[in-house]
Amino acid sequence: MRQLSFEVCPQAVPLSSAQNAAEGSAIKGSMTEIIVSEGSALQPFQLLPALALCNDQQRWLMWLSPNQAMNKQWLTRAGLDDSPVLHMNINAQNQLSLCLKALSAARSHLIVEWSGCLTTQERAALRTCAEQNGTYLFIVRGE
């Protein structure tokens, strides 16, 4: 079994803050990358409640994954039955362009189950686009 560890940064701004109280400026979006091994206990859809906590701008929550159906019962148990959640199927050929379009629209926060490898250039483009558009992006990919 793989153990996940998280480090708390005392200087970090809470994700649920829409305004930087000290400066009065909007907080930038961010990209978080999670690498899981095959058979991991963590499933990407389990991040939706965490993403919902970041959502004080009332954006859509998007889950982009290859051919996995949305489980409405799970969303209800997670307290997301009233949240606007959209699931879209993606594949390796269109995932980068679809993610960049969704990030550029600045209407949602995203969880992406990434297929294949993620190049340095793709990672930089996604991070920049998320930061510029105030979007929280979680990328989940295999080892």
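Thresholds applied
Residues numbered from 1 in each chain as written. Predicted model: local features only at pLDDT ≥ 70, side-chain atom pairs only at ≥ 80, totals over all residues. Heavy atoms only, no water. pLDDT = per-residue confidence, 0-100. Helix = DSSP H or I, 4+ residues; strand = E, 2+ residues; numbered from the N terminus. Contact = heavy atoms within 4.5 Å. Expected span 1.5 Å × (residues − 1). Buried < 20%, exposed > 50% of the residue type's maximum accessible area, 1.4 Å probe, protein only. Arc of directions from axis to C-beta. Salt bridge = Lys/Arg side-chain N within 4 Å of Asp/Glu carboxyl O. Disulfide = S-S within 2.5 Å. Pairing = 2+ DSSP bridges. Axes fitted to C-alpha atoms, helices over the stretch in contact; angles between N-to-C directions.

Is there a simple way to explain the confidence of the model for the protein in this structure?
Note: predicted coordinates in regions of low pLDDT should not be interpreted at a detailed level. Chain-level pLDDT for the protein is 77 on average; 78% of the residues reach the 70-or-more range. Per-element averaging of pLDDT across the protein places helix α1 (residues 48-53) at the bottom with 76 and helix α4 (residues 120-132) at the top with 95. Across residues 1-24, where pLDDT falls below 50, the model places 21 contacts with residues more than four positions away in sequence or in other chains.

Looking at this structure, I do not really get α4. What am I missing?
A turn of α-helix holds 3.6 residues, and therefore any two residues three or four places apart point the same way. In this model α4 runs 18 Å from its N-terminal to its C-terminal C-alpha over 13 residues, within 8% of the 18 Å that 1.5 Å per residue would give. Among all positions of α4, only Leu126, Cys129 and Ala130 are buried. Axial view of α4: buried residues confined to an arc of 100°, hence all on one face. Structural note: α4 exposes Thr120, Gln121 and Gln132 on the side pointing more than 90 degrees away from its buried face. On its buried face, α4 sits against β1 (30-36), α3 (95-105) and β5 (136-142). Positioned one or two residues after α4, glycine 134 has a phi angle of 65°, which is positive.

What am I meant to see in the pattern of salt bridges here?
A side chain with one charge can pair with a side chain of the opposite charge if their charged atoms come near. Scanning all chains against the criterion turns up 2 salt bridges. In this structure, arginine 123 engages glutamate 33 in a salt bridge whose closest nitrogen and oxygen atoms are separated by 2.7 Å. Taken as a pair, arginine 123 in helix α4 and glutamate 33 in strand β1 lie far apart in primary sequence, 90 residues in all. For arginine 123, a relative accessible area of 21% puts it in the partly exposed group. On the accessibility criterion, glutamate 33 (26% relative accessible area) is partly exposed. Linking glutamate 33 and arginine 141 is a salt bridge whose minimum nitrogen-to-oxygen distance equals 2.3 Å. Highlighted residues: glutamate 33 in strand β1 and arginine 141 in strand β5, separated in sequence by 108 residues.

Quick question: what am I supposed to make of the state of the cysteines here?
Disulfide: a covalent bond formed between the sulfur atoms of two cysteine residues. Tallying each qualifying case throughout the model produces 0 disulfides. For cysteine 129, which is in no disulfide, the shortest distance to another cysteine sulfur is to cysteine 99 and amounts to 9.7 Å. On the basis of relative accessibility, which here comes to 9%, the residue cysteine 129 falls in the buried class.

When you look at the sheet that holds strand β2 (residues 60-65) in this model, what are you seeing that I'm missing?
Sheet strands pair by backbone hydrogen bonding; their relative direction is either parallel or antiparallel. Taken together, 5 strands build an open sheet; the order of strands is β1-β5-β4-β2-β3 and the sheet is parallel. Two strands in the sheet have a free side with no partner beyond their single neighbour: β1 and β3 (85-89). Strand-to-strand twist across the sheet, computed as the mean angle between neighbouring axes with direction ignored, equals 15°. Bridge count for β2 against strand β4 (residues 108-113) is 5 bridges, and the pairing is parallel. Bridge pairing in β4 links leucine 64 to valine 112. Relative to the sheet, α3 contacts β2, β3, β4 and β5, its axis offset from that of β4 by approximately 165°.

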